[in-house]
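# Fold and geometry: a report
What follows is the residue order along each chain.
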Amino acid sequence: MSVPTAAADRSVCAPLPVLGRDVTVPLVTGGEAVYAALDYAASAPALQRVWDDVAAYAPYYGSVHRGAGYLSQLSTDLFENARRTVADFLGCRPDDQVVFTRSTTDSLNLLAAALPRDTRAFVFETEHHASLLPWERRADVAVTYLNAPRTPQQAVDTLERALAAREPYGPALVCVTGASNVTGELWPVRELAAAAHAHGARIVVDAAQLAPHHPVDLTGLDADWVAFSGHKLYAPFGAGVLAGRADWLQAAEPYLAGGGASRKVSRRVSGEGAGGVDVEWHTTAARHEAGSPNVIGAYAIASACQALTEAGFDGLVAREQELIDRVRTGLAEVPEVRLLSLFGDDAPRVGVLSFVVDGWNSSHFAAALSAEYGIGVRDGLFCAHPLVRTLLGSDPQDPGECGAPEAAPGERSLNAIRVSFGAGTPDEHVDRFLRAVRELVTDGARWEYRAEDGRCVAARSAG
């Protein structure tokens, strides 16, 4: 059973068509501009191909795993085929499981809930909060936080020393990002996986920022699990993936208790606990997918995986590298701009870059890009507070809010600005961004900005 699907755009030298590419937004200076979405690291626009596939399926929507009717059977087939498509996209091993979740955060919390008792988790302080915070919620799981490394090799050496020194020598899990959501830098996942396995540990990769930009191969990386979100992979709706080894997931209590996760439920008629219920849980991925599944979200993720695969990552990566080089070169020509980096200028990276501007409050700068140029970027600490504070050299207690005083030349900024892009970014958006940065630094903002309801807004004309 199937529904018609759209063809992927194979024009890898041009941006892939995405929703919103023709949306115009008002400018505070008057008139409108086509919106330049340069905040892909937060949520990438949905591919037109994905939206078309979802729209084609919508009339056939039906209950998954819960109906004998044609539409229910069709939806079930699409849901399970989506699981296989994602497994192929990730290079899963034959015995791996693909569990559909709500997001990367949900996936990593699921894995944290499934850890064996007395596991020790090892996490670099450079992680996004989604992969930094879930492990401490288990009282029987000890967490070792590792300092930010300054080279990939230092990351491997730091992990090896920490794993070798652990006591007692029990189950261990390493959590590491594939690509930083702050600097875009690629982490040495394969080398970290080798170090983990050499010391009897397992490794999970937060691929939220990696999967939209580079191929992710579980087998090639020799990683145990990978987690990512659909909304960063050019798919709409609230869906994510946890894929990898099945044994810990099968042995753990279901993430949620309810229909779909349970295989058999019966009342106890006698003996201890009479009157209660006995439950036999599934051992497949369904064990952690209780409730009616988000079939549209899963189908959208699979559509995005297929579209990126068909378009070809080689061409997509090459084009993105051209944009990265253009942005880095353009920003380097503005002396007031300082790019943030952990591993150095030559480190390989995806299309995510963060920077500060001398003499500017970063929130005001981002607000001016939006209000005066129609450019959407991100400002703040990017849900990676320890990492950004390390890169900025600022006090962890600094608020970093829109209303914070402007940094004078040479002073530390309280937060940063992030520009991010990908397969759907037109060259013109990058060029407009660089022009806007130069004009704001040279001429200043044409409007003044203030804090309002936790965000920066244009207050009045600076003239």
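Read on for a plain summary of the structure.

This part takes up the overall build of the protein. Secondary structure assignment for the protein yields 13 helices and 19 strands. The C-alpha atoms of the protein give 24 Å as radius of gyration, which agrees with the globular expectation for 463 residues (23 Å, within 12%). With respect to the three principal axes, the spread of C-alpha positions in the protein is 85 × 55 × 45 Å. Looking at the protein as a whole, 54% of its 463 residues qualify as buried. Carbon and sulfur atoms provide 50% of the accessible area of the protein, an area that totals close to 19,400 Å².

To continue, consider unusual backbone geometry. Pro168 follows Glu167 through a cis peptide bond whose omega is 0°. Mapped onto the secondary structure, Pro168 falls in the loop between helix H5 (152–164) and strand E7 (172–177). In this structure, His65 takes a positive phi of about 60° despite not being glycine. Among the structural elements, His65 can be located in the loop between helix H1 (48–57) and helix H2 (70–89). Phi at Phe382 is positive, roughly 60°, even though this residue is not glycine. As for its placement among the helices and strands, Phe382 is situated in the loop between strand E16 (378–380) and helix H12 (385–392). Note on Phe382: relative accessible area 2%, which makes it buried.

Across the interface, helix H10 (residues 313–332) lies against helix H13 (residues 427–443) with an axial gap of 10 Å and an inter-helix angle of 10°. Judged on the interaxial angle alone, H13 and H10 are roughly parallel. From H10, Arg319, Leu323, Arg326, Val327, Gly330 and Leu331 reach across to H13, where they touch Asp427, Val430, Asp431, Phe433, Leu434 and Val437. Here the contact of H10 with H13 is composed, by residue class, of seven nonpolar, one polar and four charged.

Another point: the packing of aromatic side chains. Overall, the coordinates contain 12 aromatic pairs when judged by the stated rule. Between Phe79 and Phe100, the ring centres sit 5.3 Å apart and the planes meet at 50°, which makes this aromatic pair tilted. Remark: Phe100 occurs in strand E4 (residues 97–101) and Phe79 occurs in helix H2; sequence separation between them is 21 residues. Phe79 gets classed as buried once you look at its relative accessible area, which sits at 2%. Taking the relative accessible area as the measure of exposure, Phe100 reaches 10% and is therefore buried. Here the aromatic rings of Trp225 and Trp248 are separated by 5.3 Å at their centres, their planes lie at 35°, and the arrangement is tilted. Taken together, the residues span a long stretch of sequence, with Trp225 in strand E9 (residues 225–229) and Trp248 in helix H8 (residues 247–251) at a distance of 23 residues. Owing to a relative accessible area of 0%, Trp225 belongs among the buried residues under this scheme.

Our focus in this paragraph is helix H6 (residues 189–198). Looking at H6, one finds that the buried residues are Val189, Leu192, Ala193, Ala195 and Ala196. The arc that holds the buried residues of H6, viewed along the axis, is 160°, so those residues lie on one side. Contacts made by the buried residues of H6 are with strand E5 (120–124), H5, E7, strand E8 (202–206) and helix H7 (218–221). Positive phi appears at Gly200, one or two residues downstream of H6, with a value of about 70°.

So, on to the side chain of Asn109. Looking at the element boundaries, Asn109 is found in helix H3 (residues 104–114). A distance of 2.8 Å separates the side chain of Asn109 from the backbone oxygen of Thr105, its partner in a polar contact. When residues no more than four places from it in sequence are discounted, the contact partners of Asn109 are Pro134, Arg137 and Tyr255.

Turning next to the side chain of Gln209. Inspection of the secondary structure assignment puts Gln209 in the loop between E8 and H7. Overall, Gln209 belongs to the buried group, its relative accessible area being 6%. At 2.9 Å, the side chain of Gln209 and the backbone oxygen of Ala41 are in polar contact. Setting aside anything within four residues of it in sequence, one finds Gln209 in contact with Ala41, Ala179, Ser180, Asn181, Lys232, Val350 and Val352.

Right, let's get into the nonpolar core. By size, the foremost hydrophobic cluster in this structure holds 89 residues, and its most contacted members are Val86, Leu90, Leu159, Phe228 and Val241. With near-sequence residues (within four places) excluded, Phe228 lies in contact with Val86, Leu90, Ser103, Thr104, Ala207, Ala208, Ala211, Leu233, Gly240, Val241 and Ile301. Judged by nonpolar contacts, the second largest core, of 34 residues, contains Ala36, Val337, Val377 and Phe421.

You can see Ala366 is positioned in helix H11 (residues 362–373). As a C-alpha pair, Ala366 and Gly380 span 14 residues in sequence and 9.7 Å in three-dimensional space.

Right, let's get into the pattern of salt bridges. One pass over the full model with this rule turns up 21 salt bridges. Asp53 is the salt-bridge partner of Arg49, the closest N and O atoms lying 2.9 Å from each other. Here the residue Arg49 and the residue Asp53 both occupy positions in helix H1, the gap between them amounting to four residues, near one helical turn. Comparing Arg49 with Asp53, the two get one shared label, buried. Here Arg263 makes a salt bridge to Glu280, at a shortest N to O gap of 3.7 Å.

Moving on: the environment of Val295. Looking at the element boundaries, Val295 is found in helix H9 (residues 295–311). Separated by 232 residues in sequence, Val295 and Ser63 place their C-alpha atoms 8.7 Å apart. Setting aside residues up to four positions removed in sequence, Val295 forms contacts with Tyr57, Tyr61, Val64, Ser75 and Phe79.

What counts and what doesn't
Residues numbered from 1 in each chain as written. Predicted model: local features only at pLDDT ≥ 70, side-chain atom pairs only at ≥ 80, totals over all residues. Heavy atoms only, no water. Helix = DSSP H or I, 4+ residues; strand = E, 2+ residues; numbered from the N terminus. Rg over C-alpha atoms; globule rule 2.2 N^0.38 Å. Buried < 20%, exposed > 50% of the residue type's maximum accessible area, 1.4 Å probe, protein only. Areas by Shrake-Rupley, 256 points an atom, 1.4 Å probe, with all protein chains shown as cover. Axes fitted to C-alpha atoms, helices over the stretch in contact; angles between N-to-C directions. Parallel < 35°, antiparallel > 145°, perpendicular 65-115°, else oblique. Contact = heavy atoms within 4.5 Å. Nonpolar A, V, L, I, M, F, W, Y, C, P; charged D, E, K, R; others polar. Phe/Tyr/Trp six-rings, centres within 6.5 Å; stacked < 30°, edge-to-face > 60°. Arc of directions from axis to C-beta. Polar contact = N/O pair within 3.5 Å; in protein donor to acceptor, adjacent residues only side chain to side chain. Core = buried A, V, L, I, M, F, W, Y, C linked by side-chain atoms within 4.5 Å. Salt bridge = Lys/Arg side-chain N within 4 Å of Asp/Glu carboxyl O.

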